[in-house]
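Given next are the chains, with one letter for each unit.
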There are 2 protein chains.
Amino acid sequence: MAQPNLELTINSERLRADFDALAEIGATMGGGVSRLALSNEDLAARSWFADRIEEAGLLVKDDEVGNLSGVLSSDDADAKTLMMGSHLDTVPNGGRYDGAIGVLIALECLRRVKEAGIKPKSHLEAINFTDEEGTWKSLLGSNGVIGKISADDISDSIHANGAFRAALFRAGIQPAEIYRARRDPETILGYLEVHIEQGKRLHECGHELGIVDWIVGRTTYDVTFFGEAAHAGTTTAEERRDALQGAAAFIISAHKLITQEFPRGVVNCGHVSAKPESYNVVPSEASLRMEFRHPEADTLQDMEARLIRLTQDCARDYRLSVGTQRVLHREPEQMSPEFVREFERACRAANVRCMSVASYSGHNAQIMNQMAPAGMIFLPSVDGISHNPKEYTEWRHVEIGANVLLRTVLQLTA
Amino acid sequence: MAQPNLELTINSERLRADFDALAEIGATMGGGVSRLALSNEDLAARSWFADRIEEAGLLVKDDEVGNLSGVLSSDDADAKTLMMGSHLDTVPNGGRYDGAIGVLIALECLRRVKEAGIKPKSHLEAINFTDEEGTWKSLLGSNGVIGKISADDISDSIHANGAFRAALFRAGIQPAEIYRARRDPETILGYLEVHIEQGKRLHECGHELGIVDWIVGRTTYDVTFFGEAAHAGTTTAEERRDALQGAAAFIISAHKLITQEFPRGVVNCGHVSAKPESYNVVPSEASLRMEFRHPEADTLQDMEARLIRLTQDCARDYRLSVGTQRVLHREPEQMSPEFVREFERACRAANVRCMSVASYSGHNAQIMNQMAPAGMIFLPSVDGISHNPKEYTEWRHVEIGANVLLRTVLQLTA
């Protein structure tokens, strides 16, 4: 049997044409993209992706949680499947690379293997996972694949007014059927993902590619401070039980705490809302959602305890009461050492300057890692900008990452 | 001619029945009231008020800005009009007394004068002013009466999406006709208002009634901090330009500044909003509305300058830029010394324990004061609670206030 051609490379112009066409779907002013999960733009992107799969002569597959795949079958029907991909959905007015580049690179790899007449020992599957960004439920699609989403998870979601269910129905997803999306782990060889770093390390160190060793754990809390509505003009400072002041103090203190005591941790509060939201009423209620991350499980737990205590301190300082509810928790995930070695081997063979990195953002790879070996490589993000229209990766780095993935896939399955 | 009967008193049971019936309109769970200006509940309350006016055999009058009045005409058609009243609209889930008690007391005074067969030397008018609370535009109705509202004020309002115009049309108000609501100052003898104090001074001092000498000036600003959207997980603290942190720091600092350096001033921030409002994106924009008050014009101006400087300090501390826009300004208003004397005379004659007070909330009286002499008396608020369902005034204080108003009206016009 002929040696597999590990020197096979991707078709860069074709990948570029895909990238530009996809960036038009949900394009915003200022060069960004809004393809919120389950929105018209998201559905249009999936439809476009399905067309590209068919065009390439690959098998179109979708599942009961809206994940969409192109498959290049092995001659061995009982073979396992090597999955690769990312997500087409975005944050509001996000960048063009986040998620999209990984889906397109995966598809391009399958196209090249097929064009080269290579018969892979495993089925190859290029997949787009639903709602990675959490417009509705973070990493919904990959959680469905590992069997962690039930109809109750949909009903119990924060979108309790039924909007989530309605959006799923519009996208052709039946909550009661989502459990069927679960794959048998025995059939999965592994999962590989290419993604932009969304941080500055590769860019600043001058490396061309990052091999992910750990994906951070993440915890999300809803925090609500309760005070007392009162007249804004006639209530003295000593009498006020101003919930918004408590929330504001907490936001400032939480950031200080993490910066000072948890240098490898991060915290974010993206949103505050107050009631009754009247300019002339002292706010009786203020709610915020905070999320915090750390690559070490024990330290992540410490951060949680300290932040909860901080909510109580701020409540006491402003004569408020406070309620906290943990809404999400994910343990840190270690990427498959075997896949790390395969990526390193591919980088050496192609003379790619690579380094080990931890991922500070959540990815489908950390979910798939719970079912089968998962591996991830990062492309440099210029100035680390992401979740922003100015997100940018040099095309030569896209080519390098795509070729490393292709080589790794061939190392594993050719 | 017979001496006017200054000992005439109000019909307390009838006033109580009015109060209870009105409290049902827009009643919320927990005993509060929501009759937001121009809402269905507000229109229902006006309709109810019009019915009470007709029932009493008084003339129903409305004007082009939605103010609704009952009139007891003098025999002298050329007589001036002594106006009295308040507002039926409320804040969201507010109390039953705020504004409503003043309208009902005014109506009851007209009813008693008519029943007693007294022929007033001035026309007497019991008026409900539109949108005192500023759901759409603070003190809209009284500003219309003094000729300070134009169609442009409606178009330029913060509700630039047309919602304000739509609400006006639903209430039968044409923006282009609002200017007609202006009264000729020569026809107005003065304006008297009874209102709950919404503060604690009367309650704590054990006085039965307050005679208002000054109404505070008030300034309102929109403040927007601008940062940069970025990935919540991968952006380090040093790199963040988090607009919500800037806004939070400003809220805390503004309250500290006022408490420490402007003891007779107050500041409130009832509302913050952040963009893009995504849990995993560092907020690029955060907007808040703040209002601040002081009884002295110069000091109010100082507060403004200091708070603007504070927005710049907070912006600098968090590497943000900030924009501020003044959206409202009202000078402090001194109540008519003549009316203060008449109120004092009425209190002495009726043995009412009264004191002078400044008003820390805005009222229709401060607007009417720009056109004709205005006077205001306060009823004690238990624990100073207002803008809250727990707002409460003892009924004996309502009776006392109503009788002082009636006596004062008779002193002026009988």
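Residues numbered from 1 in each chain as written. Chains lettered and ligands numbered in written order. Predicted model: local features only at pLDDT ≥ 70, side-chain atom pairs only at ≥ 80, totals over all residues. Heavy atoms only, no water.

Draft legend 1. Structural context of the interface of chain B and chain A. If you look at the interface, chain B gives 55 residues, while chain A gives 55 residues. Carbon and sulfur atoms make up 54% of the area that chain B and chain A hide from each other, which totals about 4,500 Å². Counting the surface chain B buries against chain A, the share from its top three residues, His231(B), Tyr279(B) and His387(B), is 15%. Counting across the interface, chain B meets chain A through four salt bridges. One salt bridge connects Lys390(A) with Glu228(B), and the closest N-O pair in it is separated by 2.9 Å. Counting the contacts that link chain B with chain A gives 19 residue pairs in polar contact (both at pLDDT 80 or more). Taken together, the elements giving at least two residues each to the side of chain B that touches chain A come down to β8 (230-231), α8 (243-261), β9 (266-275), β10 (281-282) and β11 (285-294) of chain B. Partitioned by chemical class, the residues of the side of chain B that touches chain A number 22 nonpolar, 20 polar and 13 charged. (Contact = heavy atoms within 4.5 Å. Buried area = accessible area lost by both parts, 1.4 Å probe. Salt bridge = Lys/Arg side-chain N within 4 Å of Asp/Glu carboxyl O. Polar contact = N/O pair within 3.5 Å; in protein donor to acceptor, adjacent residues only side chain to side chain. Helix = DSSP H or I, 4+ residues; strand = E, 2+ residues; numbered from the N terminus. Nonpolar A, V, L, I, M, F, W, Y, C, P; charged D, E, K, R; others polar.)

Draft legend 2. A look at the packing of helix α1 (residues 12-24) of chain A against helix α2 (residues 40-55) of chain A. Residues and elements named next belong to chain A. Where α1 contacts α2, the two axes come as close as 10 Å, and the packing angle between them is 155°. On the basis of their axis angle, the class for α1 and α2 is roughly antiparallel. For α1 against α2, the interelement crossing comes out right-handed. Contact with α1, carried on its side by Asp18, Ala21 and Leu22, involves Ala45, Trp48 and Arg52 of α2 and no other residues of that element. For the contact of α1 with α2, the residue count by class is four nonpolar, no polar and two charged. (Axes fitted to C-alpha atoms, helices over the stretch in contact; angles between N-to-C directions. Parallel < 35°, antiparallel > 145°, perpendicular 65-115°, else oblique. Left-handed = near helix turned anticlockwise from the far one by under 90°.)

Draft legend 3. Geometry of the sheet that holds strand β7 (residues 217-226) of chain B. All names here are of chain B. The strand order β9-β11-β7-β12 describes an open sheet built from four strands, whose pairing is antiparallel. The strands lining the two open edges of the sheet, one partner per strand, are β9 and β12 (321-330). Each strand of the sheet is rotated relative to its neighbour by a mean of 15°, with strand direction disregarded. Note that β7 and β12 share nine bridges and pair antiparallel. Within β12, the residue paired with Thr224 across the bridge is Gly323. On the sheet, α8 packs against β7, β9 and β11 and is oriented at approximately 175° with respect to β9. (Pairing = 2+ DSSP bridges.)

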